[in-house]
Amino acid sequence: ATGTTSATVTTATATATGESYKVGDYYSKNGLRGIVFWVDASGQHGKIVSMAEEKLSWDTNGVNRLVGANDLKNGATNQAKGVAASVPSFGYCKSQGEGWYMPAKEELIQLFKAKAKVNATLKKMGQRFLQAWYWSSTEGDNDQAWCLDMYGGVAYKRSKEVVQPVRPIAQF
C-alpha cells in the first residue's frame, strides 16, 4: 500500500474588511505566491518572500560600476535602477513576474527577524530554507554590495562578482 502525507499550511483569515495575514502565512493572490515575512497592523498589507531563489553574482560587469541602487530600505527603488543598468541579479527578480524585486538591506534584516516562521512554512511546503548569505539590492560602493547572513543576521559588503543566492520579495 502507498502512504500519503500532507502538510497543513496556514493561509489568510477572512475579516470584515478583507483577508488578514500574519508572519509565516502562505500568500497566493493576484499572481503573487510566497511566504509572509512582514505585515502592517491591519494584517492586510505586507511583504512576502519568494519560494524560489537563484545563485547569481550581484553584477557580472566587473568592478568600478555604480548603478545608483543605494536605498537601504526600499528594494523596489533599487530594482528599477538595477534593471535599467541590465544587472543580472535584478533581471532574475524581474523575471519572477510583476511586483517581484530584490530586497534592500533593511528588508533582508526584516526577513531574518521572521526567519523561523518563514522557514517553518517553507519546510511544510517542501521548499528550500533561508539558510545562506543572500544578496540585497543595496550597493555599498563601486565594487561591493550589501548581503545578509541568514545564519546569524550579520550584514556586510561583499564583492559584486561573488555568486550567492538571490531571493525576490514582493509587497501586497
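That block above? That's the structure.
Our subject in this report is the structure included herewith. Starting from 1, residues in each chain are numbered consecutively following that chain's sequence as written. The model is predicted, so local features are restricted to residues of pLDDT at least 70 and side-chain atom pairs to those at 80 or more, both for listing and for counting; the totals for chains, interfaces and linings are taken over all residues. Side-chain numbers come from the whole structure's heavy atoms, not from hydrogens or water.

With respect to helix α3 (residues 105-113)
- All of the buried residues in α3 are K105, E107, L108 and L111. Along α3, the residues classed as buried sweep out an arc of 160° about the axis, all on the same side. Only protein chains enter the area calculation, which uses a 1.4 Å probe; residues under 20% of their type maximum are buried, those over 50% are exposed, and those in between are partly exposed. Secondary structure elements follow DSSP: runs of H or I of four or more residues count as helices, runs of E of two or more count as strands, with numbering from the N terminus. Comment: arc refers to directions from the helix axis out to C-beta atoms.

Description of the sheet that holds strand β5 (residues 46-49)
- Sheet architecture is open: four strands sit in the order β3-β4-β5-β11, paired in antiparallel fashion. Where the open sheet ends on each side, the last strands, each with one partner, are β3 (26-29) and β11 (169-171). The mean inter-strand angle of the sheet, taken between neighbouring strand axes irrespective of direction, is 45°.
- By definition, residues are in contact when any of their heavy atoms lie within 4.5 Å. In this analysis an axis means a line fitted to C-alpha atoms, helices contributing only their contacting stretch, and an angle means the value between N-to-C directions, from 0 to 180 degrees. In the packing of helix α4 (residues 115-124) onto the sheet, the strands contacted are β4 (32-39) and β5, and the crossing angle to β4 comes to about 155°. The pairing criterion for strands is at least two bridges between them, as found by DSSP.

Looking at the packing of helix α1 (residues 75-84) against helix α2 (residues 88-95)
- Following both chains from N to C, one finds α1 and α2 inclined at 115°, their axes separated by 8 Å at the closest point. Considered as vectors, α1 and α2 are oriented roughly perpendicular to each other. Seen from above, α1 lies across α2 with left-handed handedness. On α2, the residues that touch N78, Q79, G82 and V83 of α1 are F90, C93 and K94.
- For this classification, the nonpolar set comprises Ala, Val, Leu, Ile, Met, Phe, Trp, Tyr, Cys and Pro, the charged set comprises Asp, Glu, Lys and Arg, and every other residue, Gly included, is treated as polar. Considered class by class, the residues forming the contact of α1 with α2 number three nonpolar, three polar and one charged. Note on terminology: angles under 35 degrees are roughly parallel, angles over 145 are roughly antiparallel, angles of 65 to 115 are roughly perpendicular, and the others are oblique. Note on convention: the crossing is left-handed when the near helix lies turned anticlockwise from the far helix by less than a right angle, right-handed when the turn is clockwise.

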